[in-house]
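If you want the building blocks of each chain, they are given just below.
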Amino acid sequence: MSAPLSHWPWQNLGCFKYMLYGPLLAKVLHSGLHEDSFKDNWCFHILLICGLRGFLHLLWSSYSNMPFLTRNRRINKEGVDFHQTDREWDWDNFILLQALILSMASYMFPFLQNLPIWNPKGFIAVLILHVVVSEPVYYWVHRCFHTNSLFSNYHSFHHSSPVLQPLTAGHATFLEHLMLVTVIGIPILGSSMIGFGSITTTFGYILVFDFLRCFGHCNVEVIPHRVFEILPFTKYLLYSPTYHSLHHTDMKSNYCLFMPLYDALWSTLNGESWELHKKMTSDSGNNERVADFVFLAHVVDLTSSIHAPFIVRSFASLPYTTRIVMLPMFPTALLSMLGMWAWARVFKVSFYNLRGRLHETWTVPRFGFQYFLPFALDGINKHIEEAILSADRLGVKVISLAALNKNEALNGGGTLFVKKHPDLKVRVVHGNTLTAAVILNEIPKDTKEVFLTGATSKLGRAIALYLCQRKVRVLMLTQSTERFQKILKEAPVDCQNYLVQVTKYQAAQNCKTWIVGKWITPREQNRAPAGAHFHQFVVPPILAFRRDCTYGDLAAMKLPEDVQGLGSCEYTMDRGVVHACHAGGVVHSLEGWTHHEVGAIDVNRIDLVWNAALKHGLKPVSSASNQDSASFGQEGLRRIWSWRSL
C-alpha cells in the first residue's frame, strides 16, 4: 500500500486532468462576455501565469536537450531514456495544483483579487521574505525528506531520475509539492498582507522561482567559474547546476533551495562543489567525448521537424504522426526551417550509448523536398561532405548516411566523397546491405516468384541477384533493357533465367509478392491480385490503398536491449527501432570493419551482415514487435493513448 499523499488525486485521468482548468476558463469567458474585460479577472491572471510557467519549463528543456550547444558543458553525459521520460510525463502536475490553490486563496483572501499592477516596494518585501523565511523553511523541509521513512515513501520518487532535466524539477510527489506551495506562498501572501503586493510582483516572483529551479536541474553548467573567483560572496547567494547535481549523487549535502549560504551555515556544504564547478567550466572547451558512430539524418518534411528531442521531449519519445496539439508550433517550424537555411550548419540532435560506445545522430539542415530540386544538389552534397570531414577530424570511426543523403543521383551512394577524399579515416557507410538483408528475410522461404519495382536501383539490383541465386523468379519492372542486361550479366549463368524483364504492371497480376522500390499509385496497386503483400524500400512509403492486401513497413531493426540513453523515436519508427541503414552503420561500428560501404551492394555480404546484426542483438521488427509493445508497459501505452486522444 502506498504512503498517504504520495500519489496525485488526478493520477488516473491522463490528459483529461487539464479539464480541471475548466472552471477557471469558464470564469474568464463569463467575465469577458458579461463584463467586457479580462484584465481585472483574477482567474485570467492564474491561467496566464500557468501558461507562462509551462512555456518557461519547455524552453529550458529545449536548451538542455540541444547537444550542438551544450554537450561540452553537460554535467551528466548520458542521455535521457524512455523510462525517465515516462516517469516525468506528468511533470506539470505542480502547475495545476498551484493554480487550484491560488484560485482558492483568492476567495479566502479577497485582497488578492484587488492587487495593483505595480508596487516597487513589493519586490523588496518578496526578496526579504524569500531569503529570511522561504530559504530556511525549504532547507529544513528538504532535509527532513531525506530521513529514511520520508525518503523511501516520498522523496525517492524525485531522485529516481538518473539524468537531471528542467522537467525533473516538477517530478515529485503530491505531499512534496504541497510543501513547496507553502515555500512559494509565504513571500507572495506576506507581501500582499502588509500592503506591498502587486500583480507584477506575483508574476515576477513565481517566474523567477521556476527559472532558478529549471536552471539548477538543467544538467548544463552555465556560470563561468571566474564569476565566483572575482566575486567570492556570490557563490553563497546563488547555486549552480553543478552544485545541485552533487545533491543527487551525494544526498547528504547541498540541501539548499537557491542559496548555498544555508548549507554553509548548517555544515551540509559539499566540499567538492566549487572545485567541480571550476573543472566543469575550465574543461568545457576540450572535454568533448567523441562518438564512435554517427548517423547523418535529414528532415523529411516541415511538420516532422518538430519531432526533435530538443523541441518537445515527450513528443519525440513517441513515433511521429501529425497531432492536433502540435499544430500551433507550425509557424515556429517554418521559422526554424528558414533559420536552418540561413545558418546552414549540421546539427547534433541526439545520442545514445551502446556497449560503452557513443552513437550520435547529426542532421543535415535540408528538408526532403530539397533533394528533388536540381539546383539544390550541390549545396546538399557540400553539407554532407562537411559533416564527413568534421567526423573525420573528431576521430569518429563510422558515419552512416540516411535515405536521401546517399541518393544514387546525388552522390552515388557515398562514392563521391570516398573518391574525393581517399585518405579518410572515418568509414562512410550507406547501410543498404543490411536494408537488403531485412527485406529479403521478410520474404517467406517458400516464395517462388516476386514482382520488383525500382529493379535497377542499388537495392533492387541486390535483391534481384540474391533471389535469383535462390531459384526465385524475379519479374523486374524496368523500361531500360540496357540496365537489365547489365544486372543479368552479374548473375551466375545457371541463374540468369530466373531474372525476367517486364515493362508493365499487368505482368504481375498473378504475383502475390510485390517488392516496391519505386512509388506506385493506387491505380498501379490495383494490378496486384487479392491477398498480395507489398514489401517496400521506397521513400516516402506507398499509400495503403488496397484493403484486400497487406503492406510492409520500411526496412527497420530493433536495437539491442542494453542500449542506454535512447529517448527519442526515429521518425515513424517505434521506440528502440531504427531504419535498417542506421542499423547497418551500427553493425559496421560494432564489428570494427575498416572498409567503406558505398556504391553498389556486395551481394555476397548480405548474409554476413545479417548474421552480424543478429549476433549483436539487433532484431528484425517483425520478430521484435510483440516484445517492443510489451516494453512500453501499461504506463507507456497510457501515454500514447493520452497523446492520440488529443
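Quick notes on the packing of helix H2 (residues 42-64) against helix H9 (residues 199-217)
Working step 1: In the contact formed by H2 and H9, the axes pass within 10 Å of each other and the chain directions differ by 25°. One way to sum up the angle between H2 and H9 is to call them roughly parallel. Between H2 and H9 lies a crossing whose hand is right-handed. Residues His45, Leu48, Ile49, Leu52, Arg53, Leu56, His57 and Trp60 of H2 form the contact with H9, whose own contacting residues are Ile199, Phe203, Ile206, Leu207, Asp210, Phe211, Cys214 and Phe215.
Working step 2: In the contact of H2 with H9, the residues fall into 12 nonpolar, two polar and two charged.

Looking at the sheet that holds strand S2 (residues 347-354)
Working step 1: Reading across from one edge, S2-S3-S1-S4-S5 is the order of the five strands in this open sheet, with mixed pairing throughout. Looking along the sheet, the strands with just one partner apiece sit at the ends: S2 and strand S5 (427-429). On average, adjacent strands in this sheet sit at an angle of 25° to one another, irrespective of strand direction.
Working step 2: Note that strand S4 (residues 398-401) and S5 share three bridges and pair parallel. Looking at the pairing, Ile399 lines up with Val428 of S5.
Working step 3: With respect to the sheet, helix H16 (residues 377-394) is in contact with strand S1 (293-299), S2, strand S3 (357-367), S4 and S5, its orientation differing from that of S3 by roughly 160°.

Some thoughts on the packing of aromatic side chains
Working step 1: Inspection of the entire model under this criterion finds 29 aromatic pairs.
Working step 2: Aromatic side chains Tyr239 and Phe258 sit 5.7 Å apart centroid to centroid with 65° between the ring planes, which places their arrangement in the edge-to-face category. In this pair, Tyr239 is assigned in the loop between helix H10 (225-230) and helix H11 (241-249) and Phe258 in the loop between H11 and helix H12 (261-265), connecting sequence segments 19 residues apart.
Working step 3: Judged by its relative accessible area of 4%, Phe258 falls in the buried class.
Working step 4: Both rings, one in Phe451 and one in Tyr505, keep their centres 5.9 Å apart while their planes meet at 65°; by these two values the pair is edge-to-face.

Definitions and cut-offs
Residues numbered from 1 in each chain as written. Predicted model: local features only at pLDDT ≥ 70, side-chain atom pairs only at ≥ 80, totals over all residues. Heavy atoms only, no water. Axes fitted to C-alpha atoms, helices over the stretch in contact; angles between N-to-C directions. Helix = DSSP H or I, 4+ residues; strand = E, 2+ residues; numbered from the N terminus. Parallel < 35°, antiparallel > 145°, perpendicular 65-115°, else oblique. Left-handed = near helix turned anticlockwise from the far one by under 90°. Contact = heavy atoms within 4.5 Å. Nonpolar A, V, L, I, M, F, W, Y, C, P; charged D, E, K, R; others polar. Pairing = 2+ DSSP bridges. Phe/Tyr/Trp six-rings, centres within 6.5 Å; stacked < 30°, edge-to-face > 60°. Buried < 20%, exposed > 50% of the residue type's maximum accessible area, 1.4 Å probe, protein only.

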